[in-house]
Amino acid sequence: MKFGVLRSHRRTIINLKISKKMKYYLIVGEASGDLHASHLMQSLKTYDKAAEFRYFGGDLMTAEGGTRVKHFRELAYMGFIPVLLHLPTIFRNMAMCKKDILEWQPDVVILVDYPGFNLDIAKFVHSLTPDNSGMACRPQVFYYISPKIWAWKEYRIKRIKRDVDQLYSILPFEVPFYEQKHHYPIHYVGNPTADEVRKFRTQHEETFDGFCKRYSLQNKPIIALLAGSRKQEIKDNLPAMIQATADLTADYQLLLAGAPSIPHEYYRQFLDNAPITLIDNDTYALLSQAQAALVTSGTATLETALFGVPQVVCYETPLPRLIRFAFNHIIKVKYISLVNLIADREVVQELLADRFTVDNIRTELRAILPGGSKRAQMLADYQHITDMLGTESAPDNAARLMTEELCKVKI
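Residues numbered from 1 in each chain as written. Predicted model: local features only at pLDDT ≥ 70, side-chain atom pairs only at ≥ 80, totals over all residues. Heavy atoms only, no water.

Here we take up the sheet that holds strand β2 (residues 52–57). On the basis of which strands lie adjacent, the open sheet formed by seven strands has the order β3-β2-β1-β4-β5-β6-β7 and parallel pairing. Each edge of the sheet is formed by a strand with only one pairing partner; in this case those strands are β3 (67–71) and β7 (187–188). Where strand β1 (residues 23–27) meets β2, five bridges bridge the pair, whose relative direction is parallel. Across the sheet, residue tyrosine 25 finds its bridge partner in β2, namely arginine 54. Against the sheet, helix α6 (residues 115–126) makes contact with β1, β2, β4 (108–112) and β5 (140–144), and its axis sits at roughly 160° relative to β4, the strand it touches most. (Pairing = 2+ DSSP bridges. Helix = DSSP H or I, 4+ residues; strand = E, 2+ residues; numbered from the N terminus. Contact = heavy atoms within 4.5 Å. Axes fitted to C-alpha atoms, helices over the stretch in contact; angles between N-to-C directions.)

In structure tokens, the structure reads:
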């Protein structure tokens, strides 16, 4: 089903013909998945008021009710070495999850991103039969926020086709990738980050003066520094961001967005005596007041664009020449930022690998500040990206489609 078809059904409440309580088993592996899954649970409860939830998730999902089996912090290991060191724990968690699914017998297993773990669970669930599981029929397998196989590990499409019953995408360019290239129909339901930014901008009308007063700031325009949500990202990127902005402090105030999972003490080693104010866990408020931003790649690049803040993407890598070679010859995508991936062209400058230098960051930042040569075009391109993402509620659309599929009710 294409996204345009969904528009006429926005926020329609389905008269579900449910003969029993529907049981939803959700699995997430990181903080962003916890956020998106919690919103999906809210929407599912709107469409299925008797919904029961059980999940591997986080605090936001816990606030929505149901039973948390394990916190995602006990699952999330990033990088080759950490994964290798924690293989016994990972295998125990996977075995526990499979056993729990068998015992609870859900109607559907909803997987949220986190493909290394979730694709194995999808294979397990898809293999269940009355003989090997004791269930009358196997649970459906729904994937919400599809794995980024268009960037790497494209071979996983075989597993998705085999083991996933319905896939719900939040990125419009994934539709031709799956449907045209791989002949696998998916649902584009809208983008939850766009939902969240729209809601924030509607519900928060803080003035610049009010924001400055709240944080005891100067009355100078703001440059935001978004250095990542993991310690290694911050260590790699923040020092260069600070150096590149040092000569702008007479005219601008520099505000660093503090990530929820990073303690203040970790930031202090980089800030030293630099004239930078840490804004803790209030990134949307910061972006709503900023004139420009330096951003480490990730969802933050899209959030920055949706707030209409011109940005430079900064991403330091080890072995920069090797990474550049990989981008030119091995990696499937041309860009690392969601902004450029959605637009399918270079809207924001990506300074990664061999292009990541203090001089390059300084030059590109000056070009997007007020009066800069690239600012107006970037803002115009942002509007095009906003239009591409649409105004639909991703969790509402996904919940409606999921409950339709489970109940076999057509609107």
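A complete count under the given rule lists 14 aromatic pairs for this structure. For the ring pair phenylalanine 142 and tyrosine 168, a centre distance of 5.7 Å and an interplane angle of 70° mean the geometry is edge-to-face. You can see phenylalanine 142 sitting in strand β5 and its partner tyrosine 168 sitting in strand β6 (residues 166–169), a full 26 residues away along the chain. Residue phenylalanine 142 is classed as buried on the basis of its relative accessible area of 0%. Aromatic side chains phenylalanine 177 and tyrosine 178 sit 5.1 Å apart centroid to centroid with 85° between the ring planes, which places their arrangement in the edge-to-face category. (Phe/Tyr/Trp six-rings, centres within 6.5 Å; stacked < 30°, edge-to-face > 60°. Buried < 20%, exposed > 50% of the residue type's maximum accessible area, 1.4 Å probe, protein only.)

As a further point, take the nonpolar core. Most often, soluble globular proteins keep nonpolar side chains buried together rather than apart. Membership of the largest hydrophobic core comes to 135 residues, with the highest contact counts inside it found for Tyr24, Leu26, Ile110, Ile121, Tyr144 and Leu238. Here this core takes seven residues from helix α20 (residues 394–407), the largest share from any one element. (Core = buried A, V, L, I, M, F, W, Y, C linked by side-chain atoms within 4.5 Å.)

On to the environment of glutamate 405. Tracing the sequence through the fold places glutamate 405 in helix α20. Residue classification places glutamate 405 among the partly exposed residues on the basis of a relative accessible area of 23%. Residues in contact with glutamate 405, not counting those within four places in the same chain, are Gln140, Phe142 and Gln166.

What follows covers the packing of helix α15 (residues 299–306) against helix α19 (residues 375–389). Running from amino to carboxyl end, α15 crosses α19 at an angle of 105°, the nearest separation of the two axes being 9 Å. Judged on the interaxial angle alone, α19 and α15 are roughly perpendicular. Where α15 abuts α19, its residues Leu302, Thr304, Ala305 and Leu306 lie against Tyr382, Ile385, Thr386 and Leu389. Counted by class, the contact of α15 with α19 contains six nonpolar, two polar and no charged residues. (Parallel < 35°, antiparallel > 145°, perpendicular 65-115°, else oblique. Nonpolar A, V, L, I, M, F, W, Y, C, P; charged D, E, K, R; others polar.)

Right, let's get into the pattern of salt bridges. The full count for this structure, using the stated rule, is 22 salt bridges. One salt bridge connects glutamate 404 with arginine 400, and the closest N-O pair in it is separated by 2.7 Å. Here glutamate 404 and its partner arginine 400 are both found in helix α20, four residues apart, which amounts to about one turn of the helix. Each member of the pair, glutamate 404 together with arginine 400, is buried. Overlapping salt bridges, with partners in common, bring together Asp247, Asp359, Arg362 and Arg366 in one network. (Salt bridge = Lys/Arg side-chain N within 4 Å of Asp/Glu carboxyl O.)

For the protein, per-residue confidence averages 88 on the pLDDT scale, and 87% of positions sit at 70 or higher. Between residues 1–15, whose pLDDT stays under 50, and residues either more than four places distant or in other chains, the model counts 38 contacts. (pLDDT = per-residue confidence, 0-100.)

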